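Structural overview
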Amino acid sequence: MTDAARRHADLATRIRAADHRYYVLDDPDIVDADYDALMRELIALEAAHPELVTADSPSQRVGDAPSAKFASVAHAVPMLSLANAFDDDEVREFVARIEKETGDAEPLFSVEPKLDGLAISLRYEGGVFVRGATRGDGATGEDVTLNLRTVKSIPLRLLDDAPDVLEVRGEVVMKTAAFKRYNAWALANGHKLLANPRNGAAGSLRQLDPRITARRPLSFFAYALGQVKGAALPPTHSETLRWLGRLGFPVSAEAGVACGGDGLLAYYREIGARRDALPYDIDGVVYKLDRFDQQRAMGFVSRAPRWAIAHKFPAQEASTTVESIEVNVGRTGAVTPWVLMRPVHVGGVTVARATLHNADQIARLDVRVGDTVIVRRAGDVIPEVVRVVECQRPLDAEGQPLHPPYALPTHCPVCGSLVEREDGEVVARCSGGLFCPAQRVQALFHFASRRAMDIEGLGERFAEALVEFGYVETVADLYKLAVGDFIEMKRRADERDGSVPETVKAGKIATKWAENLVAAIDASRATTLARLLFALGIRDVGESTAKTLVRHFGALDALMAADEAALHEVPDVGPVVAAHIVHFFAQPHNRKVIAALRTGGVHWPEGTPRRSTEGPLAGKTVVLTGGLASMTRDEAGARLEALGAKVSGSVSKKTGIVVAGEAAGSKLAKAQALGLDIWDEAALLRFLNRHAARTPHARMPPVRAAFLRTGKRSLRYLGSRGRARRRARPRGLA
Ligand SMILES: NC(=O)c1ccc[n+]([C@@H]2O[C@H](COP(=O)([O-])OP(=O)(O)OC[C@H]3O[C@@H](n4cnc5c(N)ncnc54)[C@H](O)[C@@H]3O)[C@@H](O)[C@H]2O)c1
Ligand SMILES: [Zn+2]
């Protein structure tokens, strides 16, 4: 055997195996781009060695033998493939060949998107859908009538006067939106994901159970005719498409006509630019000589017409190997894994990195170093790893995988802090918070925001520039900056963004804004502990938790010294939040930031913890339930704590007193069932007044009960009648 013959046999074997997996099993193990490369090599080899062309060469046949799963259908008119063009020259050669052979200087072409799905043929007799089949090997296909009946866009009866017999060819596709929706559902429900829309269409249509097909969102688009009896055909392909539309078939809205190499290429580029916005995946465009008489003159080669060609777009999927797996830390601390790969051409560009999204995705894909992976890049979307070719995983001498499953790093690669991932969350995060450079911009922006330190004028753009140009490492550095620093920072940011204002170019430098900003920073020095705690950006410590913590601990040092057990005592602080707080203050760099803030002049009124271990309620647990008219539950809680009570959220046998306000529900019922001591609002007020000297609030006469708290934290009298009065009167008092 010659080298060429050996290579030919090798290619043919590999292509046949790929054909079988692709057409029969709907489970390809190589990407289209690699398949196309094998096929092109085979065709080039056959061109150089015509003696290698045999009738069973993959270059001579279409698809693969129909599967025995389905009854077979002989196509009255064969279903062929299309020749491919991969570059402009091949398109121009195609046009030149047609111009020469037809003698037409400027023949018209029908131009259409090449839908990436599954070719099928639909047969109508007397206007009624009787049979539908896949392409199979072109001569014989599979009977998938029952499955096709579930595809809603396939008419079961034709509209216009239908011919006696009409065969319509077209593509069954899964639209992009439907594909995404299906995969989201499959992921949530533990079903196998579809590899891509084309696979989704083919796999769904070739199900043995039509009920499964019916659940898959498929669409159909017509693009050609097969056998027709009892009707005069239009003279051109483009008119045929319009006729099919009138008969009730969906036809791609992008189909049109063009002429000349330039005209065809302009269409290719126009559709290419809109590729990602189209509702379906396409893998190229198809040019078809429009006049049927000219088509007949051009004729066929073994597997494809000579009057049409598919001009392919750059493949969106490619295979390559993983060199290493890295992680990236985002602005909010999210740790995103990605792979460094052997560079590969995909979606028209060369890429060497692809995202793995998150730890769940890694676990699902089981990507390991050395693996052969399939990367997808559609449009401007970040390239992603969609599959691992497991059979190509490198093995050691014992036949075991050379590399273990990948695990996310336990520590942040940027700052070294612990990486945490909570139950039920897909995203893992660096816990470095303020300290992590990757998170500084976001931390700074949050710190300055209105409900935190309220530094007016420090928006996201400045936060970014301050970090990028090195003015700020931690939020405490803000308090070291002077007017000149801000002016310099803005100048650099403007320069970087190419947005230098005219006034600056003219030599005038505005300074007022910087002075205002410095003043705002100065004003933020006098703050409250609750604002500061919120501003620090401790995970899960929002404004209200910050206030609760302040009420409970009074001073920052007391909070910093608290362990998880001490935090569990705080009402509404659960174990997760408690762990976050302890963890935050345990990090030495967070403590340093707090010390630096103090040095920078940030101050707040500190109290002693309101909760006292002495007092008339010492050792008693109090539960507040229902609405109070005279104060909020938080205030009532604070006042009770000041009298030594421990305020809890749930009623148990150990509960001492239950204060039941308006509309108290299950807690009150439970308290009654347990025979606990139950107070109404009047009883609470009487008690608080009796011990008013101990509480931090002024004595509050019961008449206040006729006032209603408004949003502005002031008290508004609502009159002696109506809703306020009714609400204000504690149950059991009237
Ligand atoms: N990955 C694999 O293992 C593997 C194996 C076999 C084939 N393939 C892929 O399939 C391709 C070859 O398959 P093929 O023989 O089906 O040919 P083709 O995809 O190159 O072109 C013919 C097909 O185009 C489709 N088509 C879409 N829009 C059309 C339109 N407007 N007009 C006419 N036809 C239209 C029809 O289904 C038709 O059968 C290869 O390029 C390869 O990418 C991949
Ligand atoms: Zn970090």
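All values reported here derive from a predicted model rather than from experimental measurement. (Residues numbered from 1 in each chain as written. Chains lettered and ligands numbered in written order. Predicted model: local features only at pLDDT ≥ 70, side-chain atom pairs only at ≥ 80, totals over all residues. Heavy atoms only, no water.)

Take Y22: it is sitting in helix α1 (residues 3-24). Considered as a pair, Y22 and N199 are 177 residues apart in the sequence and their alpha carbons are 8.7 Å apart. Leaving out residues up to four positions away in the same chain, Y22 has contacts with P28, D32 and R198. Here the side chain of Y22 touches R198 through a polar contact of 3.3 Å, side chain to side chain. (Helix = DSSP H or I, 4+ residues; strand = E, 2+ residues; numbered from the N terminus. Contact = heavy atoms within 4.5 Å. Polar contact = N/O pair within 3.5 Å; in protein donor to acceptor, adjacent residues only side chain to side chain.)

Now for the coordination of the zinc ion (ligand 2). For the zinc ion (ligand 2), the full set of protein donor atoms is C412 (SG), C415 (SG), C430 (SG) and C436 (SG), and the range of their distances to it is 2.2 to 2.4 Å. Classification of the site at the zinc ion (ligand 2) as tetrahedral follows from its four donor atoms and the range of 99 to 122° in their angles at the metal. We note that the donor set of the zinc ion (ligand 2) lies within a single chain, spaced as C-x2-C-x14-C-x5-C. Of this pair, C412 sits in the loop between β16 (384-388) and β17 (419-420) while C436 sits in the loop between β18 (428-430) and α12 (440-448), and the two are 24 residues apart along the sequence. Look at C412 and you get buried, because its relative accessible area is 4%. (Donors = N, O, S within 2.8 Å, 3.2 Å for Na, K, Ca; no water. Tetrahedral: all angles 85-135°; square planar, octahedral: opposite > 155°, others 65-115°. Buried < 20%, exposed > 50% of the residue type's maximum accessible area, 1.4 Å probe, protein only.)

This brings us to the UniProt feature "active site" (unreviewed entry) in the chain. Per the UniProt annotation, the sites labelled "active site" (unreviewed entry) are K114. As for its position among the elements, K114 is in strand β3 (residues 108-115). The exposure class of K114 is buried, given its relative accessible area of 19%. Excluding its chain neighbours within four sequence positions, the residues that come into contact with K114 are L82, D281, I282, D283, G284, V285, V286, A310 and K312. (UniProt positions renumbered as here; feature names shortened; annotations may be inferred.)

Turning our eyes to something else, we now look at the nonpolar core. Residues F447, I455, L466, L478, L549, F585 and L597 are the most contacted members of the largest nonpolar core, which totals 58 residues. Per-element tally for this core: the top contributor is helix α17 (residues 529-535), with six residues. Counting contributing residues per domain, this core is built from domain 4 (436-525) and domain 5 (529-600), each supplying no fewer than three. Ignoring sequence-local partners within four residues, the contact set of F447 consists of A452, M453, D454, I455, V475, L478, Y479, L532, A535 and L597. Core analysis: the second largest hydrophobic core is formed by 32 residues, V151, V168, A201 and L205 among them. (Core = buried A, V, L, I, M, F, W, Y, C linked by side-chain atoms within 4.5 Å. Domains from an automatic or database assignment.)

On to the sheet that holds strand β7 (residues 165-173), then. A sheet is described by the order of its strands in space; here four strands give the open sequence β5-β4-β7-β8, paired in antiparallel fashion. This sheet does not close on itself; its edge strands, each paired only once, are β5 (128-134) and β8 (219-229). The average undirected angle you get between the axes of adjacent strands in this sheet is 25°. Bridging between strand β4 (residues 118-125) and β7 involves eight bridges; their strand directions are antiparallel. Bridge pairing in β7 links S121 to R169. Seen against the sheet, helix α6 (residues 197-205) touches β4 and β7 and runs at an angle of roughly 45° to β4. Along the sheet, helix α8 (residues 237-247) contacts β7 and β8; its crossing angle with β8, the most-contacted strand, is approximately 110°. (Pairing = 2+ DSSP bridges. Axes fitted to C-alpha atoms, helices over the stretch in contact; angles between N-to-C directions.)

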